[in-house]
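Chain by chain, the residues run as shown.
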Amino acid sequence: MPNVSHDTLHGFLPGRPKALNRALDLLDLGIPSGVTTETLPTDASGAPKMFTRSMDSVLRVVRPDGRDPFILLVEAQSGIETKKETSWPYYVAYLRDRYKLEVVLLVLCVDTATAAWAARPLRTGLGRPTQVTVPHVLGPSNVPRVSRIQDASADLDFAAFCLWIHSNDPDIGGILTVMGEALAQDTDREARDDLAGLIEDGLGSEHARKIWRNLMETLFTPRRGTIVGDARLAGQEEGREEGRVAGMAERLLRLMERRGFPMTEEIRQRVTTCTDMPLLDLWFDRAVDATTLDEIFARPSATDRVPAPAQSPEHTAVPSQEPRTPGPSAT
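Residues numbered from 1 in each chain as written. Predicted model: local features only at pLDDT ≥ 70, side-chain atom pairs only at ≥ 80, totals over all residues. Heavy atoms only, no water.

Draft legend 1. Molecular detail of unusual backbone geometry. Backbone geometry places D28, a non-glycine residue, at a positive phi of 55°. Along the chain, the position of D28 falls in the loop between α2 (17-26) and β1 (36-40). You will see that D68, though not glycine, has its phi angle at about 50°, which is positive. Here D68 is to be found in the loop between β2 (57-62) and β3 (70-77). (Helix = DSSP H or I, 4+ residues; strand = E, 2+ residues; numbered from the N terminus.)

Here it is, written out as structure tokens:
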């Protein structure tokens, strides 16, 4: 099922010829360094289109001398999908017929079981096979595990590709730490911020993503002025503010309980859904000495220590349906 990590995995190499060359070297196809690529349409529906058939990434790869171009079909697999056993032979035949070039099917896998399944020859026919499709597979068993900072620094793009392939490794924390240290040394801050965001997108495990986010906050602060950097900083600031608001709401509820105020579901909702930090501070200060809920939730006045925030009527209306009594009373 396509998702962000799936799309990042198969879409990463096409725009990075150097990393693509290194990946092709792992397949021992004899492709010399310095290839150039052209991205091709991924729609394999044919005509008329009875239903949509979409490939992951399709490239026309040209060698440095311009001879013998070929089609590279890149498919990303995070698990076993038996429908691909018929889709892949169709894709290869479709591309061979459309472009009249040799077709290489490359399947990227993030676990060994999926890689072993994907590497099996796909045969069709009776007796002697009419067609045999044998995918090339890159997975944890034949993609290097980058464990040294200097190796990651030498080719950050290829190192990012490798860590995605090994994203289910038991020591993913160590792999991500090496990548983070290497990335932190990159002097091109804009490119670094962009790659840091892509690395997070390509990690299929939420556990690995949390490790990566913590590393990024520890090792460097994304640069303001870039799309990724501004978005990440805004997210961090928003997260910290949400944490402060939630913490204050929790403290206010505990104080009100200790003071003996009746804690109805309506009161809890009113406190926990309030996102105005100054207003929560005001309610907390009032709750220290208030004798009624009306006193806590009354509209802020000019004598309060914070300016009256712009609140919707449901947050600022003074509960007035109940008579005021010396003890706690519900709104």
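Additional details are given in the paragraphs that follow.
Draft legend 2. Region of the structure containing the packing of aromatic side chains. With the rule as written, the count across this model stands at 6 aromatic pairs. Taken together, a centroid distance of 5.5 Å and an interplanar angle of 45° make the contact between W88 and W117 tilted. Within this pair, whereas W88 is found in helix α3 (residues 84-99), its partner W117 is found in helix α4 (residues 112-118), the two being separated by 29 residues in sequence. Judged by its relative accessible area of 1%, W88 falls in the buried class. (Phe/Tyr/Trp six-rings, centres within 6.5 Å; stacked < 30°, edge-to-face > 60°. Buried < 20%, exposed > 50% of the residue type's maximum accessible area, 1.4 Å probe, protein only.)

Draft legend 3. The side chain of N21, seen in detail. With respect to the helices, strands and loops of the structure, N21 is situated in helix α2. The buried category is assigned to N21, whose relative accessible area is 5%.

Draft legend 4. The arrangement of empty space enclosed by the protein in detail. Under the defined criterion, the tally for this structure stands at 1 cavity of 30 Å³ or more. In this structure, the largest cavity occupies an estimated 40 Å³ of space. For the largest cavity, the full set of lining residues is V146, A159, C162, L163, I175 and M179. Of all elements in the fold, only α6 (156-165) and α7 (172-184) reach the threshold of two or more residues within the lining of the largest cavity. In terms of residue count, α6 provides more of the lining of the largest cavity than any other element does, 3 residues in total. (1 Å grid on protein atoms, 1.4 Å probe; cavity = no way out; pocket = protein on both sides within 12 Å on 5 of 7 lines; lining within 4 Å. Points joined across faces, edges and corners; volume = space filled by probe spheres on them.)

Draft legend 5. View of the pattern of salt bridges. Following the criterion strictly, the structure yields 14 salt bridges and no others. The residue D155 makes a salt bridge to R22 at a minimum N-O spacing of 3.6 Å. Here R22 lies in helix α2 and D155 lies in the loop between α5 (149-154) and α6, a separation of 133 residues in the sequence. When its relative accessible area of 6% is taken as the criterion, D155 is described as buried. In this structure R22 comes out as partly exposed when scored by relative accessible area, which is 35%. (Salt bridge = Lys/Arg side-chain N within 4 Å of Asp/Glu carboxyl O.)

Draft legend 6. Inspection of the sheet that holds strand β4 (residues 103-109) at higher detail. Spatially, 5 strands are ordered β1-β2-β3-β4-β7 in an open sheet, and the strand pairing comes out mixed. A single partner strand is all that each edge strand has here, and the edge strands are β1 and β7 (136-138). The average angle at which neighbouring strand axes cross in this sheet is 30°, direction not considered. Sheet strands in contact with helix α1 (residues 4-12) are β2, β3 and β4, and its direction is about 155° off that of β3. (Pairing = 2+ DSSP bridges. Axes fitted to C-alpha atoms, helices over the stretch in contact; angles between N-to-C directions. Contact = heavy atoms within 4.5 Å.)

Draft legend 7. Just the environment of D193, in detail. Take D193: it is sitting in helix α8 (residues 189-202). Between the C-alpha atoms of D193 and L183, which are 10 residues apart in sequence, the distance is 9.0 Å.

Draft legend 8. Fine view of the nonpolar core. Counting 48 residues, the largest nonpolar core has L72, F161, M179, I199 and W212 as the members making the most contacts within it. In terms of residue count, α6 provides more of this core than any other element does, 9 residues in total. Ignoring anything within four residues of it in the chain, the contact list for L72 reads L20, L24, S57, V58, L59, V61, V104 and L106. (Core = buried A, V, L, I, M, F, W, Y, C linked by side-chain atoms within 4.5 Å.)

Draft legend 9. Quick look at the layout of surface pockets. One number sums up the size of the second largest pocket: a volume of about 190 Å³. Where the lining of the second largest pocket is concerned, the elements lending two or more residues are α1 and β3. At 3 residues, α1 tops the list of elements feeding residues into the lining of the second largest pocket. Of the residues assigned to the lining of the second largest pocket, the class counts are 4 nonpolar, 10 polar and no charged. (Nonpolar A, V, L, I, M, F, W, Y, C, P; charged D, E, K, R; others polar.)

Draft legend 10. Structural view of helix α9 (residues 206-219). Relative to the 20 Å expected for 14 residues at 1.5 Å per residue, α9 spans 20 Å between its end C-alpha atoms, a close match to the ideal helical length. Within α9 the residues assigned to the buried category are A208, R209, W212, L215 and M216. Buried positions in α9, seen along its axis, are confined to an arc of 125° and lie on one side of it. Opposite the packed face of α9, turned more than 90 degrees from it, sit the exposed residues H207 and T218. At its buried positions, α9 is contacted by α1, α7 and α8. (Expected span 1.5 Å × (residues − 1). Arc of directions from axis to C-beta.)

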